[in-house]
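Observations on the model geometry
Here are the chains, one letter per residue:
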Amino acid sequence: MSKLYDIIDKLEETQNLEKEEFINLLDNLTESLAQYAYEKARKVAREHFGNRIYIRGLIEISNYCKNDCLYCGIRRSNTNADRYRLNKEDVFSCCHTGYNLGFRTFVLQGGEDPFYSDEFLIELISEIKKNYPDCAITLSLGEKSRDSYQKLFDAGADRYLLRHETADEAHYSKLHPKELTLESRKSCLQSLHDIGYQTGTGFMVGSPWQTNENLAQDILFIKELSPEMVGLGPFIPHHDTPFAGEAQGALDKTLFLLALLRLMKPSLLLPSTTALGTIHPKGRELGILAGANVVMPNLSPVDVRKKYLLYDNKLSSDAEAAEGLNSLKKQMDAIGYEVVTDRGDYAPQLRKGVLLDV
Ligand code: SAM
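My aim in this report is to walk through the structure given alongside it, one point at a time. The model shown is predicted, which means the values in this text are computed figures rather than measured ones.

Scanning the protein chain from terminus to terminus reveals 14 helices and 11 strands. A compact globule built from 358 residues would reach a C-alpha radius of gyration of about 21 Å, and the protein chain, at 19 Å, matches this within 12%. For the protein chain, the spread of C-alpha atoms along the principal axes amounts to about 55 × 45 × 40 Å. With 358 residues in all, the protein chain has 59% of them scored as buried. At a minimum sequence separation of 6, the contacts of the protein chain that also span at least 24 residues come to 75%. Approximately 14500 Å² of the protein chain is accessible, and the part contributed by carbon and sulfur atoms is 50%. Positive and negative side-chain charges of the protein chain, numbering 42 and 51 respectively, have mean locations separated by a distance of 2 Å.

Following this line, the structure appears as structure tokens:
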């Protein structure tokens, strides 16, 4: 069994493991092995970020979606979803509130809603940048052409989040309708990276049919792409989707994967996600204690928050909400961390003054 601890040590030292080693860790996960990994991941995060936690204001601009991902509560086939979309003034008002609260990153996320043309988004991004030149804009609006990604980048978008969801072709096809492919997802990620976005990918933990081998593939895909950000959270079923009766992802496995990613890439911007907070009352804090360094409170207008229901019981109030920032600060303070007013850009890792990853 001590071999498993050696594998964690090896990951910390070399930031590299073979696929079989990742599978071995995941197949033999115990509470004490997990605690060992969390402690190391925490230490590595502290070395890179100190006790600073970056915050992002999440603005969920639309729950219309042309896609039909089998796991997602806002999939187009869900006729029970109460649809909404925000106009420019709504978004500006969210930014105004967020800026005054101390947010210096705005994340515009939504379903793939054709209403938001490139022209619309260019105007929106340019206007936000004009009013808040010291803020970063992150987009999370799904798959687009390289040309569209380029135009939005040129308009001032800094970062883009697009989870690959699973790096295994066969698994991908079980979670998505056939018009969505892993190949296209990967090609979007490559375009984003090449254009110069700080790029985020990620996956759900415990999605139906997922194996530990799939998770090892996810980690190795992340190693290869070398994104600046990774979002991962447990899969949580939504009652109006084909996966309504499936089990949710496990807390310990999600935390362990956060720790492995932190050890593999110390400089990664790694959120402790809303989904983690949803499956456990202390999920947010546990994520930070497993190596995460970012939280993304909800800045959407209060009347639409419940409508952006990706999965059942999704949190959107108290510390999960931008106006609940004081609760979040207290929670972080209680575990020894400080929420900072900062853009929180990606900064490559230095070891003995030498840049390790760019
Ligand atoms: N449309 C954009 C996209 O595809 O990237 C952004 C919105 S999408 C709803 C954001 C993320 O929510 C997805 O990447 C997925 O991982 C996550 N998500 C959707 N349904 C979920 C569920 N049932 N449980 C956990 N996460 C879920």
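Still to come is the rest of the account.
Using the criterion set out here, one finds 12 aromatic pairs in the structure. Judged by centre distance (5.1 Å) and plane angle (35°), the rings of tyrosine 99 and tyrosine 132 are tilted. Of this pair, tyrosine 99 sits in helix H4 (residues 88–101) while tyrosine 132 sits in the loop between helix H5 (118–131) and strand E4 (136–140), placing them 33 residues apart in sequence. Ring plane angle 75° and centroid distance 5.0 Å describe the contact between tyrosine 149 and tyrosine 160, whose orientation is recorded as edge-to-face. Of this pair, tyrosine 149 sits in helix H6 (residues 146–155) while tyrosine 160 is found in strand E5 (residues 159–161), placing the two residues 11 residues apart along the sequence. The pair tyrosine 149 / tyrosine 160 is uniform in exposure class, with both members buried. An aromatic cluster is present here, built from Tyr149, Phe153, Tyr160 and Tyr197 joined pairwise through their rings. The ring centre of tyrosine 99 lies 3.6 Å from the NZ or CZ of arginine 104, which sits over that ring.

On to the site of the ligand, then. Of all residues adjacent to the ligand, which total 18 residues, the nearest are Tyr71, Gly110, Arg163, Glu165 and Ile236. One of the side-chain N or O atoms of glutamate 165 is found 2.5 Å from an oxygen atom in the ligand. Taking arginine 185, its side chain carries an N or O atom lying 3.2 Å from an oxygen atom of the ligand. Relative to its free-state accessible area of 560 Å², the ligand is covered by the protein chains to the extent of 92%. Each residue belonging to the shell around the ligand can be placed in one class, and the counts come to 10 nonpolar, 5 polar and 3 charged.

It is worth spelling out the environment of tyrosine 116 at this point. Here tyrosine 116 is to be found in the loop between strand E3 (105–110) and H5. When its relative accessible area of 6% is taken as the criterion, tyrosine 116 is described as buried. Separated by 233 residues in the primary sequence, tyrosine 116 and glutamine 349 place their C-alpha atoms 36 Å from one another. Excluding anything up to four places from it in sequence, tyrosine 116 contacts Ile61, Ser62, Arg85, Leu86, Leu121 and Lys144. Of the polar contacts made by the side chain of tyrosine 116, one reaches the backbone oxygen of isoleucine 61; its length is 3.0 Å.

Two elements in contact, helix H3 (residues 31–49) and helix H10 (residues 251–264), have axes whose closest approach is 8 Å; the angle formed by their N-to-C orientations is 45°. As summarised for this structure, H3 and H10 are arranged oblique, according to the angle between their axes. Seen from above, H3 lies across H10 with left-handed handedness. Here Leu33, Ala34, Ala37, Tyr38, Lys40, Ala41, Val44, Ala45 and Phe49 of H3 come into contact with H10, specifically with Asp252, Leu255, Phe256, Ala259, Arg262 and Leu263. Looking at the contact of H3 with H10 residue by residue, the classes come out as 12 nonpolar, no polar and 3 charged.

Rules of the game
Residues numbered from 1 in each chain as written. Predicted model: local features only at pLDDT ≥ 70, side-chain atom pairs only at ≥ 80, totals over all residues. Heavy atoms only, no water. Helix = DSSP H or I, 4+ residues; strand = E, 2+ residues; numbered from the N terminus. Rg over C-alpha atoms; globule rule 2.2 N^0.38 Å. Buried < 20%, exposed > 50% of the residue type's maximum accessible area, 1.4 Å probe, protein only. Contact = heavy atoms within 4.5 Å. Areas by Shrake-Rupley, 256 points an atom, 1.4 Å probe, with all protein chains shown as cover. Lys, Arg positive; Asp, Glu negative; His and termini not counted. Charge placed at Lys NZ, Arg CZ, Asp CG, Glu CD. Phe/Tyr/Trp six-rings, centres within 6.5 Å; stacked < 30°, edge-to-face > 60°. Lys NZ or Arg CZ within 6 Å of the ring centre and 35° of its normal. Near = heavy atom within 4 Å. Polar contact = N/O pair within 3.5 Å; in protein donor to acceptor, adjacent residues only side chain to side chain. Nonpolar A, V, L, I, M, F, W, Y, C, P; charged D, E, K, R; others polar. Axes fitted to C-alpha atoms, helices over the stretch in contact; angles between N-to-C directions. Parallel < 35°, antiparallel > 145°, perpendicular 65-115°, else oblique. Left-handed = near helix turned anticlockwise from the far one by under 90°.

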